[in-house]
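# Structure at a glance
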Amino acid sequence: MESNMICDPSSRKPHRAALILARGGSKGIPLKNIKNLAGVPLIAWVLRAALDSEVVDSVWVSTDHDEIERVARVWGAKVHRRSPEVSKDSSSSLETIKEFIRLRPEVDIVCHIQATSPCLHPHHIREALQMITEQGCDYVFSVVRRHQFRWEEVDKKDVTNLTSPNLDVTCRPRRQDWPGELYENGSFYFSTRKAWENGLKELEKMAYYEMLPEYSVDIDVDIDWPVAEQRVLRFGYFGREEKAAVRLFLCKVSGCLTNGQIFTSVSGEDHVAISARDVAGIQMLQRENIEVILISNINEPLSRGLLEKVAQLIGCGLHFGEHQNGFEMEQLMMEKKLCWDEVAFMGSESEDREILSQVGLNGVPSDAPVADLIAAKYMCQRPAGNGAVREFAEYILMLKKKSLMPVHQENIDRANF
């Protein structure tokens, strides 16, 4: 029986879009948004969190730069190519967001996420968005609690009238006795379409979302980079593979363990150079009961005999296939009684894309041609044959350590963070 009911457009589920603004003209750190941080492009940390949040209907990157667009698409985002009018040094975020929603009439809620906040997690996005969709807020922004005493600025010659808006010097409180103050941490700003269109001038119900200090990382200048890298290794969101228990590491020989060079002696014997750091990295995995197998195929420039010598020298297995594709790897995993999520793979060439996209954890050397084609979970700072395998091995072990930690990593004393 055919229904005569008319669908009310206002009753549809609101379209929620995550939007990351990433202009190419950063003055402090050139192309900061796609510079690698802990093996991942900076912008990819928040893209991964947004895509895995499962509460946004689309994830967008607004940019004016070709390379940022390429990285954004590789990591699964849609791209809004912003106009020159909102790509100036003087352009505001509000102007750029207004242009985005003008061209996207389907969007009802914009979750503006800052690319420079690499410790954002999916649960932050879910909980903050609920404040709009379930509690009726029209504007929600992220804050962090700080225990810092502030002083009013005065003329340097006037040292008698110093005043503090939040401190009585005669009764300085202990940190644990003072709740502190809330500051914007710049991680995100969520709002309804109507609020953005009105320039945030007629907000009816605002709210803040408090993030713990360990997640409040904002990269602004180059000196922040090494500090942020250590913080993100401890508190960043590594995607769903974070809880994966790697039991097998597959490593391509040419392009990963070696740089592809072959040396021929006067007697006609072929030789390859292998970094002692990479050998040590493989041994580190083996000591943690992670099996290591070198893989190669008939297209490998190294002879099978030389490959066997390399595997014997390192003390690991060798899998020599005809095509080195997903089917052959599935056969190998069936023999080992493993699933894809329990496998880590390091590849370098376009022919490795199939396996790289299926394993639970993947990595590529810094000079790998395939790096431009896939969203590698980890991109090494080191090139092939010069410590890249060791670097990826350390990353695998770091993830294993994180997976064994309780939800609140390392039992932080938050009262004294």
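Everything in this summary refers to the structure shown in the same document. Because the structure is predicted, anything quoted here is derived from the model rather than measured.

The next subject is the packing of helix H1 (residues 42-53) against helix H4 (residues 122-133). Remark: H1 packs on H4, axes separated minimally by 8 Å, with the N-to-C direction vectors making an angle of 55°. One element, H1, and the other, H4, form an angle in the oblique class. In the packing of H1 onto H4, the handedness of the crossing is right-handed. Of the residues in H4, those touching H1 at Ala49, Ala50, Asp52 and Ser53 are Pro122, Ile125 and Arg126. Class assignment for the residues of the contact of H1 with H4 results in four nonpolar, one polar and two charged.

Turning our attention to the sheet that holds strand E13 (residues 291-297). Pairing is parallel in the open sheet, where six strands are placed in the order E14-E13-E10-E15-E16-E17. Edge positions in the sheet fall to strand E14 (317-321) and strand E17 (378-379), since each has one partner strand and no second. As paired elements, strand E10 (residues 248-252) and strand E15 (residues 343-346) share four bridges and run parallel to each other. Looking at E15, one finds that Cys251 is bridged to Met346. Of the strands in this sheet, E13 and E14 are in contact with helix H8 (residues 304-314), which crosses E14 at around 155°.

With that out of the way, let us pick up the packing of aromatic side chains. For any two aromatic rings, the description comes down to two numbers: the centre-to-centre distance and the angle of the planes. Inspection of every chain in the model, using the stated rule, returns 13 aromatic pairs. With a centroid separation of 6.0 Å and an interplanar angle of 50°, the aromatic rings of Phe238 and Tyr395 are classed as tilted. On the criterion of sequence distance, the pair formed by Phe238 in the loop between helix H6 (224-235) and E10 and Tyr395 in helix H11 (residues 388-403) is long-range, its members being 157 residues apart. Across this residue pair, the class does not change: Phe238 and Tyr395 are buried. Following the ring pairs from residue to residue traces out a cluster consisting of Trp45, Phe238, Phe249, Tyr378, Phe392 and Tyr395.

What follows concerns the pairing of strand E16 (residues 361-364). Here E16 shows a buried face lined by Leu361 and Gly363 and a second buried face lined by Asn362 and Val364. Relative to E16, E15 runs parallel, the two sharing three bridges. Across the sheet, the residue bridging to Ala344 is Leu361, located in E16. Between the parallel pair E15 and E16, the chain is carried across by helix H10 (residues 353-358), and the sense of this crossover is right-handed. With two bridges joining them, E16 and E17 adopt parallel strand pairing.

Cut-offs used in this document
Residues numbered from 1 in each chain as written. Predicted model: local features only at pLDDT ≥ 70, side-chain atom pairs only at ≥ 80, totals over all residues. Heavy atoms only, no water. Axes fitted to C-alpha atoms, helices over the stretch in contact; angles between N-to-C directions. Helix = DSSP H or I, 4+ residues; strand = E, 2+ residues; numbered from the N terminus. Parallel < 35°, antiparallel > 145°, perpendicular 65-115°, else oblique. Left-handed = near helix turned anticlockwise from the far one by under 90°. Contact = heavy atoms within 4.5 Å. Nonpolar A, V, L, I, M, F, W, Y, C, P; charged D, E, K, R; others polar. Pairing = 2+ DSSP bridges. Phe/Tyr/Trp six-rings, centres within 6.5 Å; stacked < 30°, edge-to-face > 60°. Buried < 20%, exposed > 50% of the residue type's maximum accessible area, 1.4 Å probe, protein only. Right-handed = clockwise from strand over helix to strand, strands pointing away.

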